[in-house]
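Examination of the molecular architecture
Spelled out, the chains give:
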Amino acid sequence: MNAPTSRPTVPSVESVIGTSSRGRTIACLEALVGFDTTSRVSNLALIEWVERYLHTLGVESRRIDNEDGTKANLWATIGPAIDGGIILSGHTDVVPVDGQDWHTDPFVLTARDDRLYGRGSSDMKGFLAAVLAKVPELTQAGLTRPVHLAFSYDEEVGCLGVRSLIAELKDASPRPSACIVGEPTGMEVVVAHKTKRSLRVTVNGKAAHSSLAPLAVNAVEYAARLVVFIREIGERLRREGPLDPDFDVAHTTAHTGVFNGGTQLNIVPELCSFDFEFRALPAVDVDALVEEVKAYAQEVLEAEMHAVAPETSIHFEAISGFPGLETPPDSDLIGLVKSLAGKNHHTKVAYGTEAGLFSEAEIPTAICGPGHIAQAHKPNEFVEIAQLAACDAFLDRLVAACSK
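Quick look at the structure, then. Since the model is a prediction, treat every value here as computed from it, not as a measurement.

Some remarks on the environment of His-209
If you trace the backbone, His-209 turns up in strand β10 (residues 208–209). The exposure class of His-209 is partly exposed, given its relative accessible area of 45%. With 79 residues separating them in the primary sequence, His-209 and Ala-288 have C-alpha atoms 39 Å apart. If near-sequence neighbours (up to four positions away) are discounted, His-209 is found in contact with Asn-266 and Val-268. Here the side chain of His-209 touches Ser-211 through a polar contact of 2.9 Å, side chain to side chain.

Considerations on the sheet that holds strand β13 (residues 271–280)
If you walk across this open sheet you meet the 4 strands as β11-β13-β9-β14, and the pairing is antiparallel. The two strands at the open ends of the sheet, each matched to only one other strand, are β11 (253–261) and β14 (313–322). Strand-to-strand twist of the sheet, defined as the mean angle between neighbouring strand axes without regard to direction, takes the value 15°. Alignment of strand β9 (residues 195–204) against β14, held across 9 bridges, turns out to be antiparallel. Opposite Lys-196, over in β14, you have Phe-322 as the bridge partner. In the packing of helix α7 (residues 219–240) onto the sheet, contacts are made with β9, β11, β13 and β14, and the angle to β13 comes to roughly 10°. The sheet contacts of helix α8 (residues 286–308) involve β9, β13 and β14, and relative to β14 the element is tilted by about 165°.

A few points about the pattern of salt bridges
One pass over the structure, following the stated rule, counts 19 salt bridges. Across the salt bridge formed by Asp-154 and Lys-71, the nearest N and O atoms sit 2.6 Å from each other. Separated by 83 residues along the polypeptide, Asp-154 in the loop between β6 (147–152) and α6 (162–169) and Lys-71 in the loop between β1 (61–65) and β2 (72–78) bring together distant segments of the chain. With respect to class, Asp-154 is no different from Lys-71; both count as buried. When the shortest N-O distance is used, the salt bridge between Lys-348 and Asp-244 registers 2.8 Å. Residue Lys-348 is located in strand β16 (residues 347–349), and its partner Asp-244 is located in the loop between α7 and β11; the two are separated by 104 residues in the primary sequence. We note that Lys-348, like Asp-244, is buried.

Parameters and conventions
Residues numbered from 1 in each chain as written. Predicted model: local features only at pLDDT ≥ 70, side-chain atom pairs only at ≥ 80, totals over all residues. Heavy atoms only, no water. Helix = DSSP H or I, 4+ residues; strand = E, 2+ residues; numbered from the N terminus. Buried < 20%, exposed > 50% of the residue type's maximum accessible area, 1.4 Å probe, protein only. Contact = heavy atoms within 4.5 Å. Polar contact = N/O pair within 3.5 Å; in protein donor to acceptor, adjacent residues only side chain to side chain. Pairing = 2+ DSSP bridges. Axes fitted to C-alpha atoms, helices over the stretch in contact; angles between N-to-C directions. Salt bridge = Lys/Arg side-chain N within 4 Å of Asp/Glu carboxyl O.

Right, here's the structure in full:
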């Protein structure tokens, strides 16, 4: 469907705060979904709304802006200024809705059949809404351990924004002792996710009329050979491992997702580019896999290309990447998160999150949040009301645990 030319006004801070505690999570989610925070645009309108909301409840917050001031992370602390606090973390940006067949306005929260539809409802404004809805209780609970809120930008394009926030935490005093990232896990406790490296490859060949193809260097063909080589690495990892059956995909994966080259059939293509990625188990050296691809490109493919035309080349450009997460299942944090979630088990996931960056900064991190990753990035994204209720209960237990 086409989005309407005008949308309802985002609920005011005052109207949301005035909502009963039972309905406040949904009211907060209605407000958050009402802001188009697609990664390509600013998130500042949402950040300003959250700042006003927190300020009205007596909580001061601090922005960490990007370089040109068009986006910001937000940091806030509730409770005593002592070491040992718990971070509740999530990203404010969402993926685009372009070309998707939405049955409702993606930026208007719509309730149907015990589900709440809207872009970001599951990934991951549902968690942010539940956290914000709990602020009144947090401010009145007499916390003996601080709770920190960390809202980031540009997670969907490579976990970019949160890095500046985490950089400040490395020297922070007081220092948080743990982090819970509320990505949609169905309120299951996730202790690990994979490492990611994504790269763009540009093959510069030599053009010619197709009747003279042996005198040229076909950029598309050499790019295709490299794509096949990457696929063969992926197949080797699937067959030989290492394997970790606790992951939803038990082995390291290789994937090519974009491929562009050539202009018309009777011209040997001079230029071709493609994007590929590795998603590696935490124990796998993902950079060694990248180097294996580069070595094949340089030692085998470029050698052949140079034999015909020395000016040809293959270039690699990093697109994005983030570290994996591997929090020990027997750690104090995982024990706490399991108790908060009412779970006795844990799981591991193939998708990536900001959790690996917090862990890399020596802040033990777990992932647990409402909604399901199966709904993320799709048209008609939704979160079940029951999932938000489960997250509310999780946070109620956290408030109690931090008030002892």
